[in-house]
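Structural overview
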Amino acid sequence: MGGGGREHCIVEALRRSGADIYAVAANRNPGISRAAKEFLLHDVMDVEKITTWAKARSIDLAVIGPEAPLGAGIVDKLAEVGTPAFGPDKAASQIELSKEFARDLMRDYRVPGLIDYWAFNNAKDFEDWVKSCDFEFVIKPIGLTGGKGVRVWGDHFNSKGEASAYVNEILKDRIGGAARFLIEEKAVGEEFSLQAFSDGKNVIPMPLAQDHKRAYEGDKGPNTGGMGSYSDSDHMLPFLTRSDYEKALDIMKKTVKAMKANGTPFRGCLYGGFIGTKSGPKVLEFNARFADPECMNVLPILESDFAKLCEGAATGSLPKSARFAKKATVCKYVVPEGYGTKSLSGMPVEVDEKAIARDGAELFWAAVDERDGKTYTMSSRSLAVVGIEDTLEKAEQVAEAALRHVRGRVYVRHDIGKKDVLARKVRRMGEIRQGKVH
Ligand code: GLY
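A brief look at the structure comes next.

Parameters at a glance
- Residues numbered from 1 in each chain as written.
- Predicted model: local features only at pLDDT ≥ 70, side-chain atom pairs only at ≥ 80, totals over all residues.
- Heavy atoms only, no water.
- Phe/Tyr/Trp six-rings, centres within 6.5 Å; stacked < 30°, edge-to-face > 60°.
- Helix = DSSP H or I, 4+ residues; strand = E, 2+ residues; numbered from the N terminus.
- Buried < 20%, exposed > 50% of the residue type's maximum accessible area, 1.4 Å probe, protein only.
- Near = heavy atom within 4 Å.
- Polar contact = N/O pair within 3.5 Å; in protein donor to acceptor, adjacent residues only side chain to side chain.
- Areas by Shrake-Rupley, 256 points an atom, 1.4 Å probe, with all protein chains shown as cover.
- Nonpolar A, V, L, I, M, F, W, Y, C, P; charged D, E, K, R; others polar.
- Core = buried A, V, L, I, M, F, W, Y, C linked by side-chain atoms within 4.5 Å.
- Contact = heavy atoms within 4.5 Å.
- Salt bridge = Lys/Arg side-chain N within 4 Å of Asp/Glu carboxyl O.
- Expected span 1.5 Å × (residues − 1).
- Arc of directions from axis to C-beta.
- Pairing = 2+ DSSP bridges.
- Axes fitted to C-alpha atoms, helices over the stretch in contact; angles between N-to-C directions.

1. Points about the packing of aromatic side chains
In total, this model carries 20 aromatic pairs according to the counting rule given. Seen from their ring centres, F126 and F137 are 6.3 Å apart, and the 75° between their planes marks the pair as edge-to-face. One end of the pair, F126, is in helix α8 (residues 123–131); the other, F137, is in strand β6 (residues 137–141), and 11 residues separate them in sequence. Ring centres of F137 and W153 lie 5.2 Å apart, and the angle between their planes is 70°; on these two criteria the pair is classed as edge-to-face. Taken together, the residues F137 in strand β6 and W153 in the loop between β7 (151–152) and α9 (160–173) connect sequence positions 16 residues apart. Since its relative accessible area comes to 14%, W153 is described here as buried.

See the structure below:
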């Protein structure tokens, strides 16, 4: 289910396992459409219709890409008709759908890596609290905002007055679906992503990756769903230590344990959005699905049988481990001009797929619509190219070479995965560890 770059990548991984694909998406993603035996072009939130459609086709396993249908209970509905699904049920999806649920879970079960937080549902309580606040903070609507609702002091606002204005906006417009928000102490560090398969008890980690959420080069501009990401051939990240990784993995394992103890066992892909700080990794958020774009860093190098892993996660019988190739990956999203503020949608985008393959890159189609043999931009990310090589430097070059074969009113962050940018991150993390950056 789902029509983005992440889902096209999932489809390709399932095909490598020999699966027949029956796809459901709200847009005709050309990559998924070509791969599918049948394609239901339909709203992924219509869980009744999708369940009936799946049952009529005796689907063996549903793999759910996006978070919103998880929250709408697609996995519970499919279970009613006997279709196992890779993805958490409605109760367990709360780990992503409610930031307060995730924070309370960490607090109640003493999961390490928790950042101090406060929840509010009215402006008066916030004003009383903020009067005596003497540190920088982050404002997060409780519910889903497509990665675009979080505002960070120093990045998106610079005063208590601006914070109050945004808080009032959340309350008035119910941003994220509720008149309620979290305030969290701002953590200083480098962000990273750890994705893991889970069957409710066991955890199999995937290689680490780093996303780039800001729209423009140099990490400037509005937040987006993610402009691109990279992973290294040793499955670590250049700015992290082995100890950072071990701590992050321990947090993931303790979270899965907490979910089970809470009566909401987590089955599917658990995504930990971390920030490496002076005092070790802290959790920024959990997601209940593969990350987009980081899915495209890990699944193309998965050597184990993906369908078996998904089936094992869905049925509580995850294999002991998964093998990933020792390759570096660089993923760059091509987005419509204006993406992040006002996307230029409905514009043609021309892609020479054969030339991209000749240059050795992978292509994953995302939010484009195919009409009369042509592809057109929509409001979200259009397609991604991924370089997969022995080193990050080479992977980045392959991704860049592939981008020459894409034409249209589109935009790319060319800085992702570049050598000097990575060196800057390593330097900055070193300074953070020494307490030189606040
Ligand atoms: N890249 C982070 C996310 O998918 O939410």
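From this point on, the discussion continues.
2. What about the site of the ligand?
The ligand sits among D211, Y271, N287, R289, A291, D292, P293 and E294. In the environment of the ligand, an oxygen atom lies 3.0 Å from a nitrogen or oxygen atom belonging to the side chain of R289. Taking D292, its main chain carries an N or O atom lying 2.9 Å from an oxygen atom of the ligand. Across the complex, the protein chains shield 91% of the 200 Å² of accessible surface that the ligand would expose by itself. Among the residues forming the shell around the ligand, the class breakdown is three nonpolar, one polar and four charged.

3. A few points about the nonpolar core
Of all hydrophobic cores here, the largest spans 70 residues; its most connected members are I74, I95, F286 and L383. The element contributing the most residues to this core is helix α10 (residues 242–261), with eight residues. Filtering out sequence-adjacent residues up to four positions away, F286 remains in contact with I95, E96, A102, M106, I251, M252, T255, L270, Y271 and G272.

4. Focus on the environment of K201
The topology assignment puts K201 in the loop between β9 (190–199) and β10 (203–205). A sequence separation of 64 residues divides K201 from P265, and the C-alpha atoms of the two residues are 7.6 Å apart. Filtering out sequence-adjacent residues up to four positions away, K201 remains in contact with V256, K260 and G316. Within polar-contact distance, the side chain of K201 engages the backbone oxygen of G316 at 3.3 Å.

5. Side note on the environment of I183
In this structure, I183 sits in strand β8 (residues 181–185). Between the C-alpha atoms of I183 and P141, which are 42 residues apart in sequence, the distance is 8.9 Å. Not counting residues up to four positions away in its chain, the partners in contact with I183 are D116, Y117, W118, F120, F126, W129, F137, V138 and I139.

6. Let's talk about the pattern of salt bridges
Summed over the entire model, instances satisfying the criterion amount to 37 salt bridges. Close ionic contact of E48 with K77 constitutes a salt bridge, the shortest N to O distance being 3.7 Å. With E48 in helix α3 (residues 47–56) and K77 in helix α5 (residues 74–80), this residue pair connects regions lying 29 residues apart in the sequence. D219 serves as the salt-bridge partner of R413, at 2.9 Å between the closest nitrogen and oxygen. In this pair, R413 sits in the loop between β24 (410–412) and α15 (419–433) while D219 sits in the loop between β12 (214–216) and β13 (220–223), placing the two residues 194 residues apart along the sequence. Salt bridges linked by common partners bring K332, E396, E400 and K418 together as one network.

7. Quick look at α15
Across its 15 residues, α15 extends 21 Å between first and last C-alpha, which sits within 8% of the 21 Å expected from 1.5 Å per residue. Of all the residues in α15, the buried ones are V421, L422, K425, M429 and I432. Buried residues of α15, seen end-on, are gathered within an arc of 100° and therefore sit on one face of the element. Exposed and facing more than 90 degrees away from the buried side of α15 are K419 and R427. Looking at the buried residues of α15, the elements they touch are β9, β11 (210–211), β14 (228–231), β15 (267–277) and α14 (392–403).

8. Considering unusual backbone geometry
P293 follows D292 through a cis peptide bond whose omega is 25°. The topology assignment puts P293 in the loop between β16 (280–287) and α11 (295–298). A positive phi angle, close to 50°, is found at R110, a residue other than glycine. Look at H235: it is not a glycine, yet its phi comes out positive at around 70°. Relative to the assigned elements, H235 resides in the loop between β14 and α10. By relative accessible area, which is 13% here, H235 ends up buried.

9. What about the sheet that holds β16?
Note: strands within a sheet are paired through backbone hydrogen bonds, in either parallel or antiparallel orientation. If you walk across this open sheet you meet the four strands as β10-β9-β15-β16, and the pairing is antiparallel. Lying at the two open borders of the sheet, with one neighbouring strand each, are β10 and β16. When strand polarity is set aside, the average angle formed by the axes of neighbouring strands in this sheet is 35°. Sheet analysis places β9 next to β10, joined by three bridges and oriented antiparallel. Residue S198 lies in a different strand from β10, and its bridge partner there is V203. Packed on one face of the sheet, α10 meets β9, β10, β15 and β16 and runs near 40° to β16.

10. Concerning helix α1 (residues 5–16)
In this model, α1 (12 residues) spans 17 Å end to end at C-alpha, consistent with the 16 Å of a helix rising 1.5 Å per residue. Of all 12 residues that make up α1, nine are buried, and the element is covered over most of its length. When we look at burial in α1, the residues that qualify are G5, R6, E7, H8, C9, I10, V11, A13 and L14. Buried residues in α1 make contact with α2 (30–35), β3 (62–63), α11, α12 (306–315), β17 (328–336) and β19 (362–365).

Any functional reading would require information beyond the geometric quantities listed.
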